[in-house]
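Observations on the three-dimensional arrangement
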2 protein chains.
Amino acid sequence: MTETPHVPDFDLDGFTPYRLAVAAQKLSEQLAKQYRVKFGISIPEWRVLVHLSRAAGNVAVSVRDIEARVAMEKSKVSRAASRLEENGYIKKTVNDTDRRLVHLSLTDKGRALMAELLPLAIAFQQEIAAQLDETMSGFEAGLDRLLNEDE
Amino acid sequence: MTETPHVPDFDLDGFTPYRLAVAAQKLSEQLAKQYRVKFGISIPEWRVLVHLSRAAGNVAVSVRDIEARVAMEKSKVSRAASRLEENGYIKKTVNDTDRRLVHLSLTDKGRALMAELLPLAIAFQQEIAAQLDETMSGFEAGLDRLLNEDE
DNA sequence: TTGACCTCATTGCAAATGCAACGAAAATAG
DNA sequence: CTATTTTCGTTGCATTTGCAATGAGGTCAA
């Protein structure tokens, strides 16, 4: 006897994409806030930095590499890299063997920044692990499924 | 013997906030694409619609209610609602007892839209459930933890 | 070697976003 | 009853975003 005739019942709170989006936003904001206020770094910048720091072993890292690895549009990567370069955290050099590629690498200042940032991230990860507690492994297993399933 | 002295090891792929963000983006885009191309509806608009459709039992729903329930800024809600009104999916009426409040409700056209949209969402949820399979309950349990933990 | 395609990164532009400020209305204090 | 404070929704503005277009460089075939 409601006035919604053909509309199926649907509960947003039980809708996995929605739950996931809200949880992701919550965690991202919590962490992003920390490095935004302390270092003026945005999320795209953070992702670029982390990837560069990971690749410090020194595989050449191009914008395209990061785009693929880090799930961000190339224009986003490009702009983040430009801001980071302006602030002296990374430098861009043209790859000699293929001059279309821009090789990105951390400067000393960038490495110093990461030495401060990464412990924050590690601590945050531990908080999350504590929060998830015994649900952690199941949660991560599900996440793996969602991330690896192609398409 | 690497050239990164004080920088801790850190693997972005093992970082839960990152994994969560990527998974959320992936799922959201998959679904959003469907109703964007078919109906020209954006994610914020979708969320408003779903909430209105849920509340169809007819609790008065204001912008503020949706802001709180749906994890979106009020300006985002407000603009989504305006677009929906322009397109005839919802109507806004001033609440008589408190004239600051704007009461949002689905029009017939809006209900007809939801009758088409919701089955898509339900089917998508089933796909996800199939993908998660036996990891589903563990995954959702973890998600609950992350969503409910206050601050 | 030349010309037709492809790839990489940047940029222009329109749209979306976050935040602060605003005006209107209600609640509260005095 | 007036004055202050709070709440609600919208809007202005600067920034960010996504997408398409661009230009520069590379590849490949004829």
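The model shown is predicted, which means the values in this text are computed figures rather than measured ones.

**Examining the protein's contact with DNA strand D**
- Around DNA strand D, the surrounding shell holds 18 residues, and the nearest of these are Arg79, Arg99 and Arg100 of chain A together with Arg64 and Ser78 of chain B.
- Across the atoms of DNA strand D situated within 4 Å of the protein, the share located in sugar and phosphate is 67%.
- Only helix H4 (74–86) of chain A together with helix H3 (63–70) and helix H4 (74–86) of chain B provide two or more residues apiece to the surface near DNA strand D.
- A per-element tally of the surface near DNA strand D places H4 of chain B first, with four residues.
- When the residues that make up the surface near DNA strand D are grouped by side-chain class, the tally is three nonpolar, four polar and eleven charged.

**Some details on the packing of aromatic side chains**
- As enumerated under the stated definition, the model contains nine aromatic pairs over all chains in all.
- Following the ring pairs from residue to residue traces out a cluster consisting of Phe10 and Phe15 of chain A together with Tyr35 and Trp46 of chain B.
- Across the ring face of Tyr89 of chain A, the terminal group of Lys109 of chain A is positioned such that the distance to the ring centre comes to 4.8 Å.

**Focus on helix H2 (residues 43–54) of chain A**
All names here are of chain A.
- Taking 1.5 Å of rise per residue, twelve residues should cover 16 Å, and H2 covers 16 Å from first to last C-alpha, within 8% of that figure.
- With respect to burial, H2 is a largely interior element, ten of its twelve residues being buried.
- Along H2, the residues classified as buried are Pro44, Glu45, Trp46, Arg47, Val48, Leu49, Val50, His51, Leu52 and Ser53.

**Thoughts on the interface of chain B and chain A**
- Contact with chain B, which involves 65 residues of that partner, is made by 66 residues of chain A.
- Taking both sides of the interface into account, the surface hidden between chain B and chain A amounts to around 6100 Å²; carbon and sulfur atoms contribute 65%.
- Our count for the contact surface shared by chain B and chain A stands at eight salt bridges.
- Residue Asp13 of chain B pairs with Arg69 of chain A through a salt bridge whose shortest N-O separation is 3.4 Å.
- The interface formed by chain B and chain A holds 22 residue pairs in polar contact (both at pLDDT 80 or more) in total.
- Every element with two or more residues in the side of chain B that touches chain A is listed here: helix H1 (16–39), helix H2 (43–54), H3, helix H5 (108–132) and helix H6 (136–148) of chain B.
- Tallied by class, the residues present in the side of chain B that touches chain A amount to 35 nonpolar, 14 polar and 16 charged.

**A look at the pattern of salt bridges**
- Under the defined criterion, the tally for this structure stands at 17 salt bridges over all chains.
- Put simply, Glu134 of chain A and Arg145 of chain B hold a salt bridge, and the shortest N to O gap is 2.8 Å. Here the residue Glu134 of chain A occupies a position in the loop between helix H5 (108–132) and helix H6 (136–148), and Arg145 of chain B occupies one in helix H6, the pair thus bridging two chains.
- Taking relative accessible area as the criterion, Arg145 of chain B reaches 24% and is therefore assigned partly exposed.
- A single network of salt bridges, built from pairs that share partners, joins Arg19 of chain A together with Glu140 and Asp144 of chain B.

**Details of the side chain of His51 of chain A**
All names here are of chain A.
- Tracing the sequence through the fold places His51 in helix H2.
- Residue class for His51 comes out buried when judged on its relative accessible area of 9%.
- Residues contacting His51, with those up to four places away along its chain left out, are Val61, Ile66, Arg69 and Val70.

**A look at the side chain of Thr16 of chain B**
- When you line up the elements, Thr16 of chain B lands in helix H1.
- Here the side chain of Thr16 of chain B touches Glu140 of chain A through a polar contact of 2.7 Å, side chain to side chain.
- Thr16 of chain B has contacts with Gln125, Ile128, Met136, Phe139 and Glu140 of chain A, leaving out every residue within four places of it along the chain.

**So, the protein's contact with DNA strand C**
- The environment of DNA strand C is made up of 20 residues, and the closest members are Ser62, Arg64 and Ser78 of chain A together with Arg79 and Arg99 of chain B.
- Among all atoms of DNA strand C positioned within 4 Å of the protein, those belonging to sugar or phosphate total 68%.
- Within the contact set of DNA strand C, a phosphate oxygen lies 3.4 Å away from a backbone nitrogen or oxygen of Val63 of chain A.
- Within the side chain of Lys92 of chain A, an N or O atom sits 3.0 Å from a phosphate oxygen of DNA strand C.
- Within the residue set of the surface near DNA strand C, elements represented by two or more residues are helix H3 (63–70) and H4 of chain A together with H4 of chain B.
- At four residues, H4 of chain A tops the list of elements feeding residues into the surface near DNA strand C.
- Each residue belonging to the surface near DNA strand C can be placed in one class, and the counts come to four nonpolar, five polar and eleven charged.

**A look at the relation of the copies chain B and chain A**
- Rotating chain B by 180° and moving it 0.0 Å along the rotation axis overlays it on chain A with an RMSD of 0.0 Å. Taken together, the rotation and translation describe the operation of a two-fold axis.
- Mapped onto chain A, 98% of the interface residues of chain B are again interface residues, and the two copies thus contact each other with one and the same surface.

Cut-offs used in this document
- Residues numbered from 1 in each chain as written.
- Chains lettered and ligands numbered in written order.
- Predicted model: local features only at pLDDT ≥ 70, side-chain atom pairs only at ≥ 80, totals over all residues.
- Heavy atoms only, no water.
- Near = heavy atom within 4 Å.
- Helix = DSSP H or I, 4+ residues; strand = E, 2+ residues; numbered from the N terminus.
- Nonpolar A, V, L, I, M, F, W, Y, C, P; charged D, E, K, R; others polar.
- Phe/Tyr/Trp six-rings, centres within 6.5 Å; stacked < 30°, edge-to-face > 60°.
- Lys NZ or Arg CZ within 6 Å of the ring centre and 35° of its normal.
- Expected span 1.5 Å × (residues − 1).
- Buried < 20%, exposed > 50% of the residue type's maximum accessible area, 1.4 Å probe, protein only.
- Contact = heavy atoms within 4.5 Å.
- Buried area = accessible area lost by both parts, 1.4 Å probe.
- Salt bridge = Lys/Arg side-chain N within 4 Å of Asp/Glu carboxyl O.
- Polar contact = N/O pair within 3.5 Å; in protein donor to acceptor, adjacent residues only side chain to side chain.
- Least-squares fit on C-alpha atoms with pLDDT ≥ 70 in both.

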